[in-house]
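Analysis of the macromolecular model
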Amino acid sequence: MNTGIRTQDGRLFRRDGLSHRSSSVQDSRPYQAVVIGASAGGSTALMNILPQLPANFPIPIIVAQHLHPLQDGPAVLYRAQGCALTLKEAEEKEAALPGFVYFAPPNYHLLVEDDHTFSLSVDAKVNFTRPSIDVLFQSAADAYGVTLIGVVLSGANQDGAAGLNIIKQRGGLAIVQDPATSEISYMPRAAIEAASPDYILSPLEIGAKLVHLSNFLADPLPSV
Amino acid sequence: MQAEEIEKIEIDLFLEALYQRYSYDFRHYAKASVRRRVRHILARSGRKRVSELIDLLLHDENFAQTAIYDFSITVTEMFRDPDFYRSVRQNIVPYLKTYPFFKIWIAGCATGEEVYSLAILLQEEELYERAKIYATDFNESALKKAQEGIYPLKEVQQHTVNYQKSGGLHSFSDYYYAQYDSAIMRQSLKTNITFAHHNLATDGVFSEVQIVFCRNVLIYFDRSLQNWVLSTLTDSLSRGGFLCLGAKENLEFSSVFDQFKVVDKTEKIYQKRVK
Ligand SMILES: C[S@@+](CC[C@H](N)C(=O)[O-])C[C@H]1O[C@@H](n2cnc3c(N)ncnc32)[C@H](O)[C@@H]1O
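Residues numbered from 1 in each chain as written. Chains lettered and ligands numbered in written order. Predicted model: local features only at pLDDT ≥ 70, side-chain atom pairs only at ≥ 80, totals over all residues. Heavy atoms only, no water.

1. Quick look at the interface of chain B and chain A
Interface size is commonly expressed as the accessible surface area that is lost when the partners come together. Of the residues lining the interface, 25 residues belong to chain B; the matching set on chain A comes to 24 residues. Counting each side, the surface lost to burial between chain B and chain A is near 2,000 Å², with a carbon and sulfur contribution of 45%. Looking at the side of chain B facing chain A, the largest losses of area belong to Arg36, Ile219 and Lys248 of chain B, adding up to 30% of the total buried there. The residue Asp114 of chain A makes a salt bridge to Arg35 of chain B at a minimum N-O spacing of 2.5 Å. For the side of chain B that touches chain A, the elements supplying multiple residues, two or more each, are helix H1 (3-22), helix H2 (31-45) and helix H9 (223-236) of chain B. (Contact = heavy atoms within 4.5 Å. Buried area = accessible area lost by both parts, 1.4 Å probe. Salt bridge = Lys/Arg side-chain N within 4 Å of Asp/Glu carboxyl O. Helix = DSSP H or I, 4+ residues; strand = E, 2+ residues; numbered from the N terminus.)

Following this line, the structure appears as structure tokens:
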């Protein structure tokens, strides 16, 4: 059987023959979660990415977005935007499941535990912000290792750069919004510098890439 | 075995050493946060591996004391979540007015801002004289600050905004006086408050009280420790007493939920059933 690989936990996935990349193995891993960091200008990017994802998108999406403390929770902002997935604020001890886009509650750090449940904390701000993208990315890298996809979007500080680098070091996949398409390019640039990402893409391309990466998860080969 | 897997073992051993040597039990704290803290301690120490810290921990009491403080996140503010205090005025104050005397336990009070917020609220509702407030934490250094009630003046603006949004009846400046860079809380707020050391992970029921505040503490615990602590808090409450949790903490999935009725789902106020 040379077109399918059985993973340790018995899940099957298909080699991604469609990838334009030489190292197609990277694109054919059974990814288990996507983490996204967004700051200033990130809302626009998210509104272009999230509606592209189908209702059966097979892995959870977890977002840390910087917001003004008095702004409404971010999930509220996208609810009306026609996203097929369910948008919600992550609750402590809740399990991260497919079909959902989880947002860090304003003013809390969001962390992922090894059993893929969420923790919240009111620890001091990191990179002048809470939630911090780095805190989410670091914990998610610990929890998901090579099966994590990290995405850094538009923003005006360097939060997320260190976290994305950790995701890469752990063998996960790193995607950064193309600075040319970012309302504020500082954060993508910092992430590109720190993490040498696998892909630098526009929001529309990021959406398409996520769908593409998830395709072989959605319809695994029959077992051998 | 990968380095990350080994690190998990090292962290478990570190927590075990801390517990056996100093009786501080962080073994059932949520792991992702604990890992952050331990890595922070490691980075500061200049050592390479968490296992090297265990030697320090066992033999250097100053190092251990600092580590213990590192596990205590004391981030807090006056009238945190102003709507919560509105709800207290609305839902708990009428009940307290029927009591000639009552006790309140604030568990995990950190540096005291929450305690003074409640004291202010009780004064405004003319209930302070009937109250006895126990404010506890395991962090001695935070407790000391709480007892002093002296806060940086630059934080007062935020406190004032929160106070106003919380339904405060007067002016926040009535409750402190400024000296140099500090806001010193009025002595009259302190007379009925007792600050004390209490570790929720290892110590038991404190006293029978009518209200328990335990806010933004349980989020740091795993489910089993949450349940353990919640049963201690429940046992401390008199029937009909109120339990107040943090904005992102839920009773719903805990083992004590059926002993309570929900008073305010958003502000996490629960009342112990009378039967
Ligand atoms: C984030 S602060 C919350 C302060 C305040 N209740 C509030 O909501 O603003 C958490 C506090 O819980 C305390 N804490 C953590 N574990 C504890 C334990 N096992 N026993 C007592 N206090 C604990 C910490 O020392 C810290 O002061």
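Still more to cover.
2. A look at the site of the ligand
Around the ligand, the surrounding shell holds 22 residues, and the nearest of these are Tyr29, Ser72, Thr76, Arg80 and Asp137 of chain B. The residues that come close to the ligand belong to more than one chain, namely chains A and B. Measuring from a nitrogen atom of the ligand, one finds a backbone N or O atom of Gly108 of chain B at 2.9 Å. Between Asn199 of chain B and the ligand, the recorded distance is 2.8 Å, taken from a side-chain N or O atom to a nitrogen atom. In isolation the ligand offers 600 Å² of accessible surface; the protein chains occlude 99% of this area. If you map the ligand onto the pockets, it falls in the largest cavity. Of the residues contributing to the shell around the ligand, the split by class is 10 nonpolar, 8 polar and 4 charged. (Near = heavy atom within 4 Å. Polar contact = N/O pair within 3.5 Å; in protein donor to acceptor, adjacent residues only side chain to side chain. Areas by Shrake-Rupley, 256 points an atom, 1.4 Å probe, with all protein chains shown as cover. 1 Å grid on protein atoms, 1.4 Å probe; cavity = no way out; pocket = protein on both sides within 12 Å on 5 of 7 lines; lining within 4 Å. Sits in = over half its atoms within 2 Å of the grid points. Nonpolar A, V, L, I, M, F, W, Y, C, P; charged D, E, K, R; others polar.)

3. Section: the sheet that holds strand S8 (residues 237-245) of chain B
To summarise the sheet geometry, strands pair through backbone hydrogen bonds and adopt either a parallel or an antiparallel arrangement. Residue and element names in this part refer to chain B. What the 7 strands build is an open sheet, ordered S6-S2-S1-S7-S8-S10-S9; its pairing is mixed. Every other strand in the sheet has two partners, leaving strand S6 (193-197) and strand S9 (260-264) as the edge strands with one partner each. Shown here is a sheet whose adjacent strand axes are inclined to one another by a mean of 20 degrees, direction ignored. For strand S1 (residues 102-107) and strand S2 (residues 131-137), the ladder comprises 6 bridges, and the chain directions are parallel. Looking at S2, one finds that Trp105 is bridged to Tyr134. Helix H5 (residues 82-96) rests against S1, strand S7 (209-214), S8, S9 and strand S10 (269-272) of the sheet, and its axis sits at about 170 degrees to S8. Contacts from H9 reach S1, S7, S8, S9 and S10, with the element oriented near 135 degrees to S8. (Pairing = 2+ DSSP bridges. Axes fitted to C-alpha atoms, helices over the stretch in contact; angles between N-to-C directions.)

In short, geometric facts, not functional conclusions.
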